[in-house]
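# Results of the structural survey
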Amino acid sequence: TGQSEFETPMADSGLQTPTTRSQDGTETQNSPAPPEENNGGGDAQRLIEEADLYRVVGDHIFVLNQYRGLHVIDLSDLDTPRVIGQARIFGYPREMYVRGSTAYVIVSDYFTFWREDTLDAVPVAFYGSQLRILDISDLEHPEVVGGINLNGDLTDSRIVGDVMYLVSNRFPWWRGHDTDDFEDKTQVLSVSVGDPTDVQVIDTEDFQRNGWEHHIYATAEAIYLSASGWNRDRLTYQTIVHYIDIN
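Since the model is a prediction, treat every value here as computed from it, not as a measurement. (Residues numbered from 1 in each chain as written. Predicted model: local features only at pLDDT ≥ 70, side-chain atom pairs only at ≥ 80, totals over all residues. Heavy atoms only, no water.)

Let us look at the overall build of the protein. Broken down by element type, the protein carries 0 helices and 19 strands. Burial statistics for the protein: of 247 residues in total, 34% are counted as buried. Across the protein, every contact between residues at least 6 apart in sequence was considered, and the portion connecting residues at least 24 apart equals 40%. (Helix = DSSP H or I, 4+ residues; strand = E, 2+ residues; numbered from the N terminus. Buried < 20%, exposed > 50% of the residue type's maximum accessible area, 1.4 Å probe, protein only. Contact = heavy atoms within 4.5 Å.)

What follows is the structure, encoded as structure tokens:
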């Protein structure tokens, strides 16, 4: 029989070489594999991050609430956890990323309007989604410091390296009164998030919207976009997967 028991020694600091123990009690140290050589001239590995609704960082937990925004909770005393900070998030906050002293919150169903100082100016409105940027360096006073508007309804996301990929659905309003809007599509956006002071859309890729539910799976080289929907020709449900090269 092969190896049946595994043991990794714990240490107060640093990392130790993993140790395995066979059935006869013999212990063997397994040296880690050497790092892969980077011949591409860029990053050796583009790390992949999934979004969270809550994130534990040290003795604190960041909690994103649909109705109350972003909460910072002190967990240093587990018997008496305390909410020490809060930032209001308008719209429908779906998910977030915490990177260092910055939090990125993905908001859908966001509506705002504004007008110029002159009374005869036509009000300007925006309805769609938004990537909200928060400074969380002061845990007791997290603050929204910026954001960018994004068209459609954002439903899923991943961060690969320093680029955030988002999938957005745009629904047409051609059945509404007095409108010729018939654009119906799914859009994948890439947004640079390496510098919180310079967050911007890098590129977009449009697809014909063929469903009502979209999800993405990411590797360091590609995005897989799945969409479930109804096939009118075959009168059956279907799922279509798109492959998007991000290498």
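Scanning all chains against the criterion turns up 2 aromatic pairs. Judged by centre distance (6.1 Å) and plane angle (45 degrees), the ring pair of Tyr217 and Tyr224 falls under tilted. Between Tyr224 and Tyr243 the ring centres are 5.4 Å apart and the planes differ by 70 degrees, which places this aromatic pair in the edge-to-face class. With a gap of 19 residues between them, Tyr224 in strand E18 (residues 222-231) and Tyr243 in strand E19 (residues 236-245) connect regions that are remote in the sequence. (Phe/Tyr/Trp six-rings, centres within 6.5 Å; stacked < 30°, edge-to-face > 60°.)

Before going further, it helps to examine the sheet that holds strand E6 (residues 60-65). One open sheet holds the 4 strands; their spatial order is E5-E6-E7-E8, and the pairing between them is antiparallel. The open sheet has two edge strands, strand E5 (54-57) and strand E8 (82-87), and neither has a second partner. Taking each pair of neighbouring strands and ignoring which way they run, the sheet shows an average axis angle of 20 degrees. Alignment of strand E7 (residues 69-74) against E8, held across 5 bridges, turns out to be antiparallel. Counterpart to His71 in the pairing with E8 is Gln86. (Pairing = 2+ DSSP bridges. Axes fitted to C-alpha atoms, helices over the stretch in contact; angles between N-to-C directions.)

Within the fold, Ser129 resides in strand E11 (residues 124-135). When neighbours within four sequence positions are excluded, Ser129 is seen to be in contact with Val107, Ser108, Asp109, Ile148, Asn149, Leu150, Gly152, Asp153 and Leu154.

A separate point is the confidence of the model for the protein. Where the model shows low pLDDT, its predicted coordinates should not be examined in detail. With 70% of its residues at a pLDDT of 70 or more, the protein has an overall mean of 80. Here residues 4-23 is a poorly scored stretch, pLDDT under 50, and it has 30 contacts once near neighbours within four places are set aside; other chains count. (pLDDT = per-residue confidence, 0-100.)

This part takes up a nonpolar patch on the surface. There is a patch of nonpolar side chains on the surface, built from Trp212, Trp230, Leu235 and Tyr237 and spanning about 530 Å² of accessible area. Structurally, the position occupied by Trp230 is in strand E18. In this structure Trp230 comes out as partly exposed when scored by relative accessible area, which is 39%. (Patch = residues over 30% accessible without salt bridge, like charges linked within 9 Å, V, L, I, M, F, W, Y side chains within 5 Å. Areas by Shrake-Rupley, 256 points an atom, 1.4 Å probe, with all protein chains shown as cover. Salt bridge = Lys/Arg side-chain N within 4 Å of Asp/Glu carboxyl O.)

Strand E14 (residues 163-170) sits mainly inside the fold: 7 of its 8 residues count as buried. With 7 bridges connecting them, strand E13 (residues 153-160) and E14 associate as antiparallel partners. The residue of E14 that forms the bridge with Asp156 is Val167. Counting the residues in the hairpin turn of E13 and E14 gives 2 residues, including Gly161, whose phi is positive at 70 degrees. As judged from the 8 bridges shared by E14 and strand E15 (residues 185-192), these two strands associate in the antiparallel manner. Across the sheet, residue Leu166 finds its bridge partner in E15, namely Leu189.

What follows concerns the environment of Ala222. Relative to the assigned elements, Ala222 resides in strand E18. With 23 residues separating them in the primary sequence, Ala222 and Asp245 have C-alpha atoms 4.6 Å apart. Setting aside chain neighbours within four positions, we find Ala222 in contact with Tyr217, Tyr243, Ile244 and Ile246.

Along any regular strand, the residues point their side chains to alternate faces of the sheet. Of all 8 residues that make up E15, 7 are buried, and the element is covered over most of its length. Two strands pair when backbone bridges link them, and E15 and strand E16 (residues 200-208) are joined in this way by 8 bridges, in the antiparallel orientation. Looking across to E16, one finds that Val188 is bridged to Glu205.

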